[in-house]
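Structural characterization, general
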Amino acid sequence: MGGANVNPRERIQFAYELAFFPPRLNGLWNRIRDGDTVSEDEAKALDEAALLHLALPEDCHSQRALERLAMFQAKSRAFGMPMFIRSVRKRLNRPALPDTAVPARLVRDIALPPLARR
């Protein structure tokens, strides 16, 4: 994620990439597997990535952002992203998350990097 001082917007962007962009989660996993430490900001972003796979919230102010999140959730299932995130969080001994729905503060209209095509 880079940098000691990460602003909330950068962390949410990173959380979306961890949640819905397989190369980003694979990169973090490879670092963990190789014994690198994970910063607190990266761990929090991983927690937020897990939250992004929960049920959609009812109190969202942006229909466009909510629709994009729903599309990301649906497409990520093909890659097994929710289970992969749970496994990485377990490896890092992250605490259980009490939420049952995506917190409204995380519902943002965020774009992801394009997946490379052969």
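Residues numbered from 1 in each chain as written. Predicted model: local features only at pLDDT ≥ 70, side-chain atom pairs only at ≥ 80, totals over all residues. Heavy atoms only, no water.

Re the pattern of salt bridges
Taken as a whole and judged by the stated rule, the model has twelve salt bridges. Of the charged contacts in the structure, one is a salt bridge between arginine 31 and aspartate 36, with a shortest N-O distance of 4.0 Å. Overall, arginine 31 belongs to the partly exposed group, its relative accessible area being 28%. Of the charged contacts in the structure, one is a salt bridge between arginine 68 and aspartate 109, with a shortest N-O distance of 3.2 Å. With arginine 68 in helix 4 (residues 63–76) and aspartate 109 in the segment after helix 5 (81–91), the pair connects residues that are 41 residues apart, well separated along the chain. By relative accessible area, arginine 68 is classed as partly exposed at 27%. Three or more residues are tied together by salt bridges with common partners; here these are Arg11, Asp41, Glu48 and Arg105. (Salt bridge = Lys/Arg side-chain N within 4 Å of Asp/Glu carboxyl O. Buried < 20%, exposed > 50% of the residue type's maximum accessible area, 1.4 Å probe, protein only. Helix = DSSP H or I, 4+ residues; strand = E, 2+ residues; numbered from the N terminus.)

Some details on the nonpolar core
One finds Tyr16, Leu18 and Leu52 to be the most contacted residues of the largest nonpolar core, which totals 27 residues. At the level of secondary structure, the elements contributing two or more residues to this core comprise helix 1 (8–20), helix 2 (22–33), helix 3 (40–51), helix 4 and helix 5. With seven residues, helix 1 is the largest single contributor of residues to this core. If near-sequence neighbours (up to four positions away) are discounted, tyrosine 16 is found in contact with Phe21, Leu52, Leu69, Phe72, Leu106, Val107, Arg108, Ile110 and Leu112. (Core = buried A, V, L, I, M, F, W, Y, C linked by side-chain atoms within 4.5 Å. Contact = heavy atoms within 4.5 Å.)

Looking at unusual backbone geometry
Leaving glycine out, the prevailing phi sign among residues is negative, and the prevailing peptide bond configuration is trans. Phi is positive for asparagine 93, which is not a glycine, with a value near 55°. Given the relative accessible area of 69%, asparagine 93 is considered exposed.

By themselves, these figures tell us nothing about what the structure is for.
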